[in-house]
Amino acid sequence: TRYLMRLVALLIAALLWAGPLAASDNLERLAKAMHLADVAEILRAEGLEQGKDLNETLLNGRAGQYYEEQIDLLFDETRLHNQIASALDRKMTDAQIEKAAIFFESELGQSIVTLENAARRAFWDEQIEDYAIASYRDADRDSPFYRLIEEYIRLNNLIELNVQGSMSAHYNFYLGLSEGRDSFASSDSFLLGLLDDEVSKVETTEWLYSFLLMAYRPLSEAELRENIAFSRTETGRALNRALFAGFDDIFDGIWYQLGTAVSKEINASDL
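Conventions used here
- Residues numbered from 1 in each chain as written.
- Predicted model: local features only at pLDDT ≥ 70, side-chain atom pairs only at ≥ 80, totals over all residues.
- Heavy atoms only, no water.
- Helix = DSSP H or I, 4+ residues; strand = E, 2+ residues; numbered from the N terminus.
- Buried < 20%, exposed > 50% of the residue type's maximum accessible area, 1.4 Å probe, protein only.
- Core = buried A, V, L, I, M, F, W, Y, C linked by side-chain atoms within 4.5 Å.
- Contact = heavy atoms within 4.5 Å.
- Patch = residues over 30% accessible without salt bridge, like charges linked within 9 Å, V, L, I, M, F, W, Y side chains within 5 Å.
- Areas by Shrake-Rupley, 256 points an atom, 1.4 Å probe, with all protein chains shown as cover.
- Salt bridge = Lys/Arg side-chain N within 4 Å of Asp/Glu carboxyl O.
- Lys, Arg positive; Asp, Glu negative; His and termini not counted.
- Charge placed at Lys NZ, Arg CZ, Asp CG, Glu CD.
- Expected span 1.5 Å × (residues − 1).
- Arc of directions from axis to C-beta.
- Polar contact = N/O pair within 3.5 Å; in protein donor to acceptor, adjacent residues only side chain to side chain.

Caption draft 1: Representation of the environment of Ser263. Turning to its location among the elements, Ser263 is positioned in helix H14 (residues 234-270). Expressed as a C-alpha distance, the spacing of Ser263 and Ser178, which sit 85 residues apart in the sequence, is 7.0 Å.

Right, here's the structure in full:
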């Protein structure tokens, strides 16, 4: 569904990019190298779109001021910056952050960030997203380019970790939604569908391949191999672990609060 794809997109966007401004000089370097201002704008825009989807799906488009204020707060750019900074500070050493900054300050690192940001914005157009998905479905699985994308995804365990993150976010949303109400007969089937890990794995796989095949198309095979080589380093692995652990915590909290916001709107409409 388009709803689930947007959550997958939001989680992947968060996990592909890092580096908020923080007290550490190296964190500031990484933030600048990874174009944090653009990343924050993208995460907020996609989060607000999620809020609209939930309003239309579960509230029949009747959300009030409280709900709108909660969505605005949860996806506040400064708030996200601080949460990400805290996660990276807890999970990575300063030396690892410095090495990651050096990689993303390089010509290749800058190309990767620029291409990812451009692809994220391009995917806001559903026609472009659908075209990218169709291109993935028709892609030559034996081509060197496809195999390198496949290796990058497998090396970083992106599909499995994103599915786990998506399921955890949905579960926390359901917990928040259940607060103060005995049942959700009208939306149970919808919610149970979101908790189907097989559906999530298929859609996550499709979206992730579509996105990376489009974003990284301008890169040469040598550049793709260099990016993969970075992912194999201690620093690359540490960054990957820090991002997934940190964003699992962040988005579990966000989606629990989204659930409580929806629940309060439903309770208010019942009065």
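Caption draft 2: Examining unusual backbone geometry more closely. With a phi angle near 55 degrees, Asn60 is a residue other than glycine that sits in the positive phi range. Relative to the helices and strands, Asn60 is located in the loop between helix H3 (36-58) and helix H4 (65-74). At Asn157, a residue that is not glycine, the phi angle is positive and equals roughly 55 degrees. Inspection of the secondary structure puts Asn157 in the loop between helix H9 (144-155) and helix H10 (158-178). Assessed through its relative accessible area of 30%, Asn157 is described here as partly exposed.

Caption draft 3: Inspection of the nonpolar core at higher detail. Counting residues in each nonpolar core, the largest one holds 69 residues, and the members touching the most others are Phe104, Ile149, Leu212, Tyr216, Ile254 and Leu258. Top element by residues in this core is H14. It accounts for 13 residues. In this structure Leu212 touches Ile149, Tyr152, Ile153, Leu158 and Arg217, once residues within four positions along its chain are discounted.

Caption draft 4: Representation of a negative patch on the surface in the model. On the surface, a cluster of negative charge is contributed by Asp25, Glu28, Asp89 and Asp94. Within the element layout of this structure, Glu28 appears in helix H2 (residues 25-33). Of the residues examined, Glu28 reaches a relative accessible area of 35% and is grouped as partly exposed.

Caption draft 5: Inspection of the pattern of salt bridges at higher detail. According to the stated counting rule, one finds 12 salt bridges in the structure shown. Residue Arg29 is joined to Glu105 by a salt bridge in which the shortest nitrogen-to-oxygen separation is 2.7 Å. Here Arg29, found in helix H2, pairs with Glu105, found in helix H6 (residues 94-105); they are 76 residues apart in sequence, far enough to count as distant. When its relative accessible area of 38% is taken as the criterion, Glu105 is described as partly exposed.

Caption draft 6: Layout of helix H8 (residues 126-138). Over its 13 residues, H8 runs 18 Å from end to end, which matches the ideal 18 Å to within 8%, given 1.5 Å per residue. Along H8, the residues classified as buried are Glu129, Ala132, Ile133 and Tyr136. End-on, the buried residues of H8 take up no more than an arc of 100 degrees, which puts them together on one face. Of the exposed residues in H8, those oriented more than 90 degrees away from the buried face are Gln127, Tyr131, Arg137 and Asp138. One side-chain oxygen of the residue at the start of H8 lies 2.9 Å from the amide nitrogen of Gln127, identifying that residue as Asp125.

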